[in-house]
Amino acid sequence: MSIISSKDVNEIIRKTLGIINQKIMNHGEITGYILYKMMEYENTYTEQHYTEQEMVDYTMLAILHDIGLYKEDNVKNVTDFETKNLWPHSIYGFLFLKYLSPMGDKAEVVLYHHLDYNRLGMIQSRYMHIIELLSLADKMDTFLHMKDEKLEQDYFLKYRDTKFSGAALDLFHKAEERYGITANLVNGKYREELDVLLAKRAFSEQYKRGFLEMLVYTIDFRSEHTVIHTLATVHFAEQLGRLARLSGKDLRDLHYGALLHDLGKIAIPLNILESTGRLSEEEMKIMKAHVRITEMILEGVVDDAVLQIAVRHHEKLDGTGYHRGLKAEDLTLPQQIIAVADILSALYGKRSYKEPFSKEKILDIMKSDAENGKINKNVVVSLERNYDKIIHEFEKEKENTIGLYLKIKEQYAVMIERFQNIN
């Protein structure tokens, strides 16, 4: 059985990124829909043809074309960034999608989506046509929603073949006449059509896993520590699961449950998420809400076994955990393992409020919790016996993750310098 169906990939993206900023998500889906209908028209009535996978990839890239904006604080008006501050989010979005999404080979489509049409001759890209279509689709939604600035009435006549491709505009008008694009945007039918498109394509497990991992990395927009913690929890849970001789299915469920367990932290205010001091009672209440938010994002979207592992990582065997106060008899072994892995990750990792704890301190704390009936004693014994090997393997994996972050940051600095005077 699959962890997530193809049709639910966009739904989990919609839920997760919508929590960060619904306006950016709405703009992305509208842009994606416009691009999709233009491609559909070409497939039906012109010599330009796309494979089913290309249709899906380009539509998903359009939905996520402004993913770099989620990193910005307080984006209240998307058009400000779409018309005045173009390169930072385009470059970051390109690098994010290149290295952290399953569509990395096509990510340069996002890089150039704000480049004026009469400047496209400055670049070389195998995706030039899609770049032209995405640029037009992006402008169609952006300018229709401008409030503070009045759109020049003759904008699309005045800037034809300068700011945007005239051929792309002609294609849009043909697709509009054939499919009623704007009417579908008004009545909300466009979302259903996007879901149908994605449901038609049976994504590979690797492709779907790539999107789930991408969503975890979006937490980096809020907290790099949280991303490292999540990846550590995945690694520790898998190692402890193997030592406990879980079945292949249970190990798979444990992997994805650990991967998604803190997705709800995307909604927690940064001052709480990255607090350097002890949280107040009210702040802790807000922090604990991340479990319920994770549940709201995942329920009805991922396999229930994965959902229950993800949302039970703070439950204790004696019923003192949260968010449901379950006890040992209510918790499966994989659910008990993720609780141990989550604690190990929190104690071992460097956080905004603490340095990593020593091996001795970590094991003392965990053995105490096991003796007091909080967490699974057998799992803790297994951890103690294999501690050095588990940590050694994680450190090798962590270097790859940190190296990826550094590569993105280094390339971002270089590209900003190179692109800042374009347009």
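Bear in mind that the values here come from a model prediction, so they are computed numbers and not experimental data. (Residues numbered from 1 in each chain as written. Predicted model: local features only at pLDDT ≥ 70, side-chain atom pairs only at ≥ 80, totals over all residues. Heavy atoms only, no water.)

> Would you mind going over helix α1 (residues 9-20) with me for this structure?
An α-helical turn contains 3.6 residues, so a residue and the one three or four places further along point in the same direction. Over its twelve residues, α1 extends 17 Å from the first C-alpha to the last, a length consistent with the 16 Å expected when each residue adds 1.5 Å. Where α1 is buried, its residues meet α2 (22-45), α3 (52-63), α11 (189-200), α12 (205-218) and α16 (281-298). (Helix = DSSP H or I, 4+ residues; strand = E, 2+ residues; numbered from the N terminus. Expected span 1.5 Å × (residues − 1). Contact = heavy atoms within 4.5 Å.)

> How should the pattern of salt bridges be read in this particular structure?
Proximity of charged atoms lets side chains of opposite charge pair with each other. Per the counting criterion, the structure on display carries 25 salt bridges. In this structure, arginine 252 and aspartate 253 form a salt bridge, with 3.2 Å as the shortest nitrogen-oxygen distance. Through salt bridges with shared partners, a single network forms among Glu11, Arg14, Glu29, Arg191 and Asp195. (Salt bridge = Lys/Arg side-chain N within 4 Å of Asp/Glu carboxyl O.)

> Can you help me understand the packing of helix α18 (residues 333-348) against helix α19 (residues 359-371) in this one?
Helix packing geometry: the angle between the two helix axes and the distance between the axes. Packing of α18 against α19 leaves a shortest axis separation of 10 Å and a crossing angle of 150°. Considering the angle they form, α18 stands roughly antiparallel to α19. Here α18 runs over α19; the crossing is right-handed. Contacts between α18 and α19 involve Val340, Ile343, Leu344, Leu347 and Tyr348 on the former and, on the latter, Ile362, Ile365, Met366 and Asp369. (Axes fitted to C-alpha atoms, helices over the stretch in contact; angles between N-to-C directions. Parallel < 35°, antiparallel > 145°, perpendicular 65-115°, else oblique. Left-handed = near helix turned anticlockwise from the far one by under 90°.)

> Sorry if this is basic, but what is going on with unusual backbone geometry here?
Backbone phi values are negative for most residues with the exception of glycine, while trans is the configuration of most peptide bonds. Here the bond from tyrosine 322 into histidine 323 is cis, since omega is 20°, no more than 30 degrees from zero. Within the secondary structure layout, histidine 323 lies in the loop between α17 (304-311) and α18. Its identity as a non-glycine residue notwithstanding, aspartate 161 has a phi of 65°, on the positive side. Locating aspartate 161 in the fold gives a position in the loop between α8 (155-158) and α9 (166-179). Not every positive phi belongs to a glycine, and arginine 245 is a case in point at roughly 60°. Secondary-structure assignment places arginine 245 in the loop between α13 (224-243) and α14 (248-260). Among the residues examined, arginine 245 registers a relative accessible area of 77% and is labelled exposed. (Buried < 20%, exposed > 50% of the residue type's maximum accessible area, 1.4 Å probe, protein only.)

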